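Fold and contact review
Chain by chain, the residues:
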Amino acid sequence: MKGGGGGGVYSGKRRWRGLVIAVLGLVFLSMLVPLLFLLGLHNGFHSPGSEQQSSPSIGLGGYGTKIFIRDASNLSEGDRSNHVDDLVKQFAPTLSKDILKNISHPAENETKSPSAMHDNEEEKGFSVPPHADLQSLPIENNPKAGASVQIIDYAKGGVDQSGKSCELKFGSYCLWREQHREDMKDSMVKRLKDHLFVARAYYPSIAKLPSQDKLSREMRQNIQEVERVLSESTTDADLPPQIGKKLQRMQAAIARAKSFHVDCNNVDKKLRQIYDLTEDEANFHMRQSVFLYQLAVQTMPKSLHCLSMRLTVEYFRSPFDDTEASLADNYIDRALQHYVIFSTNVLASSVVINSTVMHAKESGKLVFHVLTDEENYFAMKLWFFRNTYKEATIQVLNMERLDLNNQKLQFSLPVEFRVSHSIDAQSRTEYLSTFSHLHYRLPEIFQNLEKVVVLDDDVVVQQDLSALWNLNMEGKVNAAVQFCLVKLSLLKSYLGENSFNKNSCAWMSGLNVIDLVKWRELDLTETYQKFVKEVSTQEAQNEAVALHASLLTFQDLIYPLDGSWALSGLGHDYNVDVYPIRNAAVLHYNGKMKPWLELGIPKYKGYWKNFVNREDQFLTDCNWNS
């Protein structure tokens, strides 16, 4: 027994001695590895064939690769070329041409710090492309290297991630993206939904593999957890605190599932469901955006509605002395210059009058007749009583209370008709503004006047308009700016089979000089009503009826004004040049994006806002955004 016991003790000592030696070996290795690392850091990780001279090296990482660039500030152009060739030979293992094609764009190379370079020293670098320009490669914190940092500013033009250049104009996507960039409130929710679809696509195939029961249970559990979370959350703020870990577990399970050969039919079926759902969602948002756009265009802004309501209430709360009687003679004085405005917008009509008066040489000769409906009549009355416009006279008429030959009038605004056509294989959309039905009652409304100038409420006057009153119209009835981008031949579907000159240009309302005497002689009101009856029997839309009847009524009766009198398109065209805007006598905001709307084109709004009385107390109370 003693012999046996001694052998056991001896074998135990040998085991302990082996363990001690192993521990000492590990300690020695743990000390040796840092020493080797420090030695390599000191030597700059030079390859055996590289120079021993100390020189800065910069790591440029792109797609998990590195480029090493030494100090080239003291090299001539020939030496730099040879230096690049040496680099090409030195780092001979190259990537495929497809990858080099993708990484050759300097804007896509990501800058890596020197520490990141050393951490990835065992990764293989790719050779510099033969025609690569080192000056275009982004270098971080290296004032000696002959390279400069390249930053792409999308707001000033450049190249985006897809390689397409950003256009320097309002409306380009790159500029819009930078100006309206905001954090998504449901980015994590969207990621969870995407991973849930992918997990559902792979789960049926994994569940059929008997050897992957553990992975199958894990995927099923992940799917159930994410489904429960999404049923209770619509934004990232609603998600539970540990959702990041759940997402990581699902990503790991999906990665493992992708490593197996699975049935592609299930994956294809699920991914097609994703595509169909995404397409349906995109169509829904497109229809919704169109509806909201139309709603924003056709609905009066809250501030302007507030202004009209506040003025109406104040009109009945504080009666004022009406000055209609003292100004009655001016309303029918033919020696004065009479302007007619159809409007239901208090602020818009105010801008038209203010801009006209501010540029008039003799404001005392101006008489403005504002025609409106009963809803806005009292607000108009109070506004133009409170605000004076130099020496100009202003009359507000309620058209729904005006009787002409025992006929009550129905108020209507100028009609804008959208026309799409092609020029040089490019589609364009224009807005033709024409007279409404009420415009054809002007000779009856102003029986004592011989000539009037009709202004739409979406115009801004920039010059004196007195020259229009000395205009020789050569027997024509309506002096208007012609819009020759749209010929009458393009409108034949609306004009019917009537005989008309198909090469004639369409004319625009906005600024029109009307000879009421000639109008009465030709009885154009009766002619217009005849054309309306012809088209109305075909159940056409009101806009089409007005366009049809207006263009045919004034056929051969339009006196063309010079194009500098009125410039149109500021309500829909983003590309109107500044020079024509500055030289136009009248700016016409025809289109859907009126300057008083939030949807208005920003760079044109300033011309309109310059003539708004921003000091008015009612505008301040209604929080009008000036």
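Now for a look at the structure at hand. (Residues numbered from 1 in each chain as written. Predicted model: local features only at pLDDT ≥ 70, side-chain atom pairs only at ≥ 80, totals over all residues. Heavy atoms only, no water.)

**Focus on the overall build of the protein chain**
When its secondary structure is counted, the protein chain shows 21 helices and 20 strands. Out of the 626 residues in the protein chain, the part that is buried amounts to 39%. By sequence separation, contacts in the protein chain at least 24 residues apart represent 72% of the contacts at least 6 residues apart. Total accessible area on the protein chain stands at roughly 36800 Å², and carbon and sulfur atoms take up 52% of it. (Helix = DSSP H or I, 4+ residues; strand = E, 2+ residues; numbered from the N terminus. Buried < 20%, exposed > 50% of the residue type's maximum accessible area, 1.4 Å probe, protein only. Contact = heavy atoms within 4.5 Å. Areas by Shrake-Rupley, 256 points an atom, 1.4 Å probe, with all protein chains shown as cover.)

**Some points on the state of the cysteines**
Summed over the entire model, instances satisfying the criterion amount to one disulfide. The residue that forms a disulfide with C306 is C622, at a sulfur-sulfur distance of 2.2 Å. Taking the sign of the S-S torsion, -75° for the link of C306 and C622, the bridge is left-handed. Of this pair, C306 sits in helix α10 (residues 302-317) while C622 sits in the segment after α21 (617-621), placing them 316 residues apart in sequence. (Disulfide = S-S within 2.5 Å.)

**So, the sheet that holds strand β14 (residues 459-461)**
One open sheet holds the three strands; their spatial order is β14-β20-β19, and the pairing between them is mixed. With one partner strand each, in any of the chains shown, β14 and β19 (566-567) form the two edges of the open sheet. Judged from the three bridges that link them, β14 and strand β20 (residues 586-588) form a sheet pairing that is antiparallel. Following the sheet pairing, V459 is matched in β20 by H588. (Pairing = 2+ DSSP bridges.)

**Observations regarding the side chain of T312**
Structurally, T312 is set in helix α10. A polar contact of 2.8 Å, which involves the side chain of T312, links it to the backbone oxygen of S308. Leave out the neighbours within four places in its chain, and T312 touches E375, F378 and A379. (Polar contact = N/O pair within 3.5 Å; in protein donor to acceptor, adjacent residues only side chain to side chain.)

**Observations regarding a nonpolar patch on the surface**
Together, L26, F28, L29 and L32 line one region of the surface with nonpolar side chains, adding up to about 410 Å² of accessible area. With respect to the helices and strands, the residue L26 is situated in helix α1 (residues 2-42). Exposure remark for L26: the relative accessible area of 58% places this residue in the exposed category. (Patch = residues over 30% accessible without salt bridge, like charges linked within 9 Å, V, L, I, M, F, W, Y side chains within 5 Å. Salt bridge = Lys/Arg side-chain N within 4 Å of Asp/Glu carboxyl O.)

**Concerning unusual backbone geometry**
Unlike most non-glycine residues, E474 shows phi in positive territory, near 55°. Along the polypeptide, E474 turns up in the loop between β14 and β15 (478-487). With a phi angle near 50°, D523 is a residue other than glycine that sits in the positive phi range. Within the secondary structure, D523 sits in the loop between α16 (516-522) and α17 (524-536). What makes D523 partly exposed here is its relative accessible area of 40%.

**Notes on the pattern of salt bridges**
Taken as a whole and assessed by the stated rule, the structure comprises 14 salt bridges. R310 is paired through a salt bridge with D621; the nearest N and O atoms lie 3.4 Å apart. Of this pair, R310 sits in helix α10 while D621 sits in helix α21; the two residues are 311 residues apart in sequence, bridging distant segments of the chain. A residue is classified by how much of its surface remains accessible, and R310, at 36% relative accessible area, is partly exposed. Accessibility expressed as a relative area gives 33% for D621, which makes it partly exposed. The residue R441 makes a salt bridge to E444 at a minimum N-O spacing of 2.8 Å.

**Here we look at the packing of aromatic side chains**
Under the defined criterion, the tally for this structure stands at 16 aromatic pairs. Each ring, one from Y315 and one from F378, has its centre 5.0 Å from the other, and the planes form 50°; the classification is tilted. Taken as a pair, Y315 in helix α10 and F378 in helix α13 (residues 374-386) lie far apart in primary sequence, 63 residues in all. On the accessibility criterion, F378 (22% relative accessible area) is partly exposed. On the numbers, 5.2 Å between centres and 70° between planes, the contact of Y377 with F378 is edge-to-face. The class of Y377 is buried, set by a relative accessible area of 17%. (Phe/Tyr/Trp six-rings, centres within 6.5 Å; stacked < 30°, edge-to-face > 60°.)

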